[in-house]
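These are the residues of each chain, in order.
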Amino acid sequence: MRLNGRRQSDNVEDRRGMSTGAKAGIGGIGGIIVVALITLMSGGSLTDVIGNVVQQQLQSQVQEQPGNGQTEFSEEELQFAEFSKTVLAGTEDVWTEQFQKHGLKYEYPTLVLFTGATSTACGTGQSAMGPFYCSGDQKLYVDLSFFTTMGSSLGVKTDDNTSFAYAYVIAHEVGHHVEYLRGILAKCHQKMSRLNKAEANKLSVKLELLADYYAGCWAHYDDAQYGSLDDNDLEEAIECAQKIGDNYLQEKAQGYSQPETFTHGTSQQRMYWLKKGYETGDWNTTTFEEGDLD
């Protein structure tokens with residue numbers, strides 16, 4: 001992906017190298033239910049709820065404290081950080097213009113770079129969760145070690161530290177922010193809270209596929225404005241989408257898949273919606289059907 005000479009976003013909060021401490025939190029099943037409901041009603045995702053539940057079960061709450069003075073990072077980490085800031089700036093440019101064309105105002109999200117674990121308005125964020133978006137504070141959280149994992153664990157071909165596959169990950173989380181600003185996230189989660197797990201999972205899949213679609217829409221306009229993509233870039237991102245499909249991950253982990261437990265969509269679905277967003281740029285298209293959010 002060609003990003004040379006492009007601006008970097010200032011909407012970045014760097015928490016890398018900070019240590020974490022714990023303080024007493026609200027324990028018990030009652031506290032878990034209350035926190036989960038608040039998170040859902042405020043537009044938080046099921047991933048956000050999981051983070052809160054884990055936090056409450058441990059009866060702890062992460063609190064950032066001054067770190068150990070770490071200011072030096074590997075060359076790879078430095079490149080990933082610069083890349084992430086540049087991609088975020090690209091999403092700001094594209095979505096600001098697209099919202100304005102529809103008489104809307106795009107509000108910038110904040111990118112939080114962290115190491116290991118960090119506090120969020122949606123509960124404890126941990127590296128093991130992968131990159132995620134919290135609507136409670138309108139921030140997307142990324143431990144940059146995830147990008148290294150993409151190559152080693154997922155087998156995604158990433159020839160350098162400016163791969164479009166990495167940009168897709170960031171653009172997907174920004175896609176959830178677009179869902180939040182358009183009111184889709186809150187409506188979906190409010191309905192999910194009234195459904196059984198299997199039915200709620202189906203809506204979760206549609207949210208994730210819509211974020212994939214928005215990531216493709218961003219790429220469509222970013223490429224049109226900056227000529228940022230070459231012939232291999234979309235292929236890399238589509239391969240990444242294939243490797244993070246629910247069916248692919250479950251089959252790799254346990255030898256079979258359980259469709260009723262899918263929350264992000266199959267490999268085929270994720271590849272389809274990412275590619276469709278890139279090809280059309282029509283961000284009014286939606287993965288939701290009439291009545292889904294009623």
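For the structure itself, consult the block above.
Conventions used here
Counting from 1, residues in each chain are numbered in the order their sequence is written. In view of the model being predicted, local features appear only for residues whose pLDDT reaches at least 70, and side-chain atom pairs are presented and counted only at 80 or more, with totals across whole chains, interfaces and linings using the full set of residues. Hydrogens and waters are ignored; side-chain quantities use all the structure's heavy atoms. Between any two strands, at least two bridges found by DSSP are needed for them to pair. Secondary structure elements are taken from DSSP: a helix is a run of H or I of four residues or more, a strand is a run of E of two residues or more, and numbering for both begins at the N terminus. Every axis corresponds to a line fitted to the C-alpha atoms, with the helix fit spanning only the stretch in contact, and the corresponding angles, defined between N-to-C directions, vary from 0 to 180 degrees. Note on aromatic pairs: the rings of Phe, Tyr and Trp (six-membered ring only in Trp) are paired at centre separations within 6.5 Å, and the planes decide the class, stacked below 30 degrees, edge-to-face beyond 60, tilted for the rest. Each residue's exposure class comes from its accessible area (1.4 Å probe, protein chains only) as a fraction of the maximum for that residue type: buried when under 20%, exposed when over 50%, partly exposed otherwise. By the criterion adopted, a ring carries a charge over it if an Arg CZ or a Lys NZ lies within 6 Å of its centre and within 35 degrees of its normal. Side-chain atoms alone can form a polar contact between residues adjacent in sequence; in general such a contact is a pair of N or O atoms within 3.5 Å, and within protein one must be able to donate a hydrogen while the other accepts it. In what follows, a contact means two residues having at least one pair of non-hydrogen atoms within 4.5 Å.

**Describing the sheet that holds strand S7 (residues 132–134)**
Strands belonging to one sheet form pairs held by backbone hydrogen bonds; the direction of such a pair is parallel or antiparallel.
Turning to step 1, where the next piece is worked out: Taken in spatial order, the four strands make up an open sheet running S1-S4-S8-S7, and their pairing is mixed. Two strands close off the open sheet at either side, each with one partner strand: strand S1 (12–14) and S7. The sheet shows a mean angle of 25° between the axes of neighbouring strands, taken without regard to direction.
Turning to step 2, where the next piece is worked out: Bridge analysis of strand S4 (residues 110–113) against strand S8 (residues 139–142) gives four bridges, and the strand direction is parallel. Residue Leu111 lies in a different strand from S8, and its bridge partner there is Leu140.

**Observations regarding the packing of aromatic side chains**
Turning to step 1, where the next piece is worked out: What the rule picks out here adds up to 17 aromatic pairs.
Turning to step 2, where the next piece is worked out: Ring centres of Phe80 and Phe147 lie 5.2 Å apart, and the angle between their planes is 50°; this geometry places the pair in the tilted category. Residue Phe80 is found in helix H3 (residues 75–101), and its partner Phe147 is found in helix H4 (residues 145–152); the two are separated by 67 residues along the sequence. Here Phe80 and Phe147 have matching classes, each one buried.
Turning to step 3, where the next piece is worked out: Taken together through their ring pairs, the aromatic side chains of Trp95, Phe99, Tyr106, Tyr108, Tyr213, Tyr214, Tyr272, Trp273 and Trp283 make up a single cluster.
Turning to step 4, where the next piece is worked out: Taking NZ or CZ as reference, Arg6 lies 3.7 Å from the ring centre of Tyr226, over its face.
Turning to step 5, where the next piece is worked out: For the cation-ring pair, Arg16 lies above Phe73, with the distance from its terminal atom to the ring centre recorded as 4.1 Å.

**Points about the side chain of Arg6**
Turning to step 1, where the next piece is worked out: Looking at the element boundaries, Arg6 is found in the segment before S1.
Turning to step 2, where the next piece is worked out: By relative accessible area, which is 15% here, Arg6 ends up buried.
Turning to step 3, where the next piece is worked out: Here Asp222 takes part through its side chain, which lies 2.7 Å from a polar atom of the side chain of Arg6.
Turning to step 4, where the next piece is worked out: Residues within four places of Arg6 in sequence aside, it is in contact with Thr86, Gly90, Asp222, Tyr226 and Ser228.

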